[in-house]
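Summary of the model geometry
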Amino acid sequence: MFILESKAQLEKAIAKAMKTHTQVKFISFGTYAVKGTKGNFYTVICERSERGEKVVKCGCKGAEKGLVCWHSAAALSLHIGIARQRQTATK
Ligand SMILES: [Zn+2]
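Below: a short report on this structure. (Residues numbered from 1 in each chain as written. Predicted model: local features only at pLDDT ≥ 70, side-chain atom pairs only at ≥ 80, totals over all residues. Heavy atoms only, no water.)

**Some details on the pairing of strand β4 (residues 41-48)**
What counts is decided by this rule: Paired strands, in this sense, are two strands between which DSSP finds at least two bridges. The way it works is that DSSP assigns letters per residue, a run of H or I at least four long becomes a helix, a run of E at least two long becomes a strand, and they are numbered from the N terminus.
Of the pairings in the sheet, the one linking strand β3 (residues 31-35) to β4 comprises five bridges and is antiparallel in character. Residue pairing across strands places Thr-31 opposite Ile-45, the latter belonging to β4. The loop that links β3 with its antiparallel partner β4 comprises five residues; one of these, Gly-39, has a positive phi angle of about 90 degrees. As paired elements, β4 and strand β5 (residues 54-58) share five bridges and run antiparallel to each other. What sits directly across from Val-44, in β5, is Cys-58. Between β4 and the antiparallel strand that follows it, β5, lie five residues; Gly-52 among them carries a positive phi value of about 85 degrees.

Structure representation (structure tokens):
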């Protein structure tokens, strides 16, 4: 799990996600399944903490250690897009 503070944190992870051409499945708003390199799926959860921090959780080993993994980056790019659409829809 890590706290997203800036986009710069994600740069490397996004580059990896792009290279991997992974598949991201939408489960519900804030919950996604990202296909790993071995064909397994990792669940990534994007949520807001009580303090308003953007918290990202992934089921892989890297994220367990607090690393920004590429699964999270892949899920976040979808999540951010959906969140933006929702915002414009309610305006
Ligand atoms: Zn991960």
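**Description of the coordination of the zinc ion**
Our working definition: Donor atoms are limited to N, O and S found within 2.8 Å of the metal ion, a distance that becomes 3.2 Å for Na, K and Ca. With water left out, some sites might look partial. Each residue gets one of three labels from its accessible area relative to the maximum for its type: buried under 20%, exposed over 50%, partly exposed in between, using a 1.4 Å probe on protein chains only.
Here the zinc ion is held by Cys-58 (SG), Cys-60 (SG), Cys-69 (SG) and His-71 (ND1), and the distances to it run 2.0 to 2.3 Å. Written as a sequence motif, the donor arrangement for the zinc ion is C-x1-C-x8-C-x1-H. For the pair Cys-60 and Cys-69, one class covers both residues: buried.

**Re the sheet that holds strand β2 (residues 24-28)**
Definition in use: Geometry is summarised by axes, namely lines fitted to C-alpha atoms with helices restricted to the contacting stretch, and by angles between N-to-C directions that run from 0 to 180 degrees.
The strand order across the open sheet formed by five strands is β1-β5-β4-β3-β2, and the pairing between neighbours is antiparallel. A strand with exactly one partner marks an edge of an open sheet, and here the two such strands are β1 (2-4) and β2. The mean inter-strand angle of the sheet, taken between neighbouring strand axes irrespective of direction, is 30 degrees.

**Quick notes on the packing of aromatic side chains**
Where we set the bar: Pairing of aromatic side chains here covers Phe, Tyr and the six-membered ring of Trp, requires ring centres within 6.5 Å, and sorts the geometry by plane angle: under 30 degrees stacked, over 60 edge-to-face, intermediate tilted. The rule is short: NZ of Lys or CZ of Arg within 6 Å of the ring centre and within 35 degrees of the ring normal puts a charge over the ring.
Taken as a whole and assessed by the stated rule, the structure comprises one aromatic pair. The residue whose ring lies beneath Lys-25 is Phe-41, and the NZ or CZ to ring-centre distance is 4.4 Å. Stacked on the ring of Phe-29, the Lys or Arg Arg-86 has its end atom at 3.8 Å from the ring centre.

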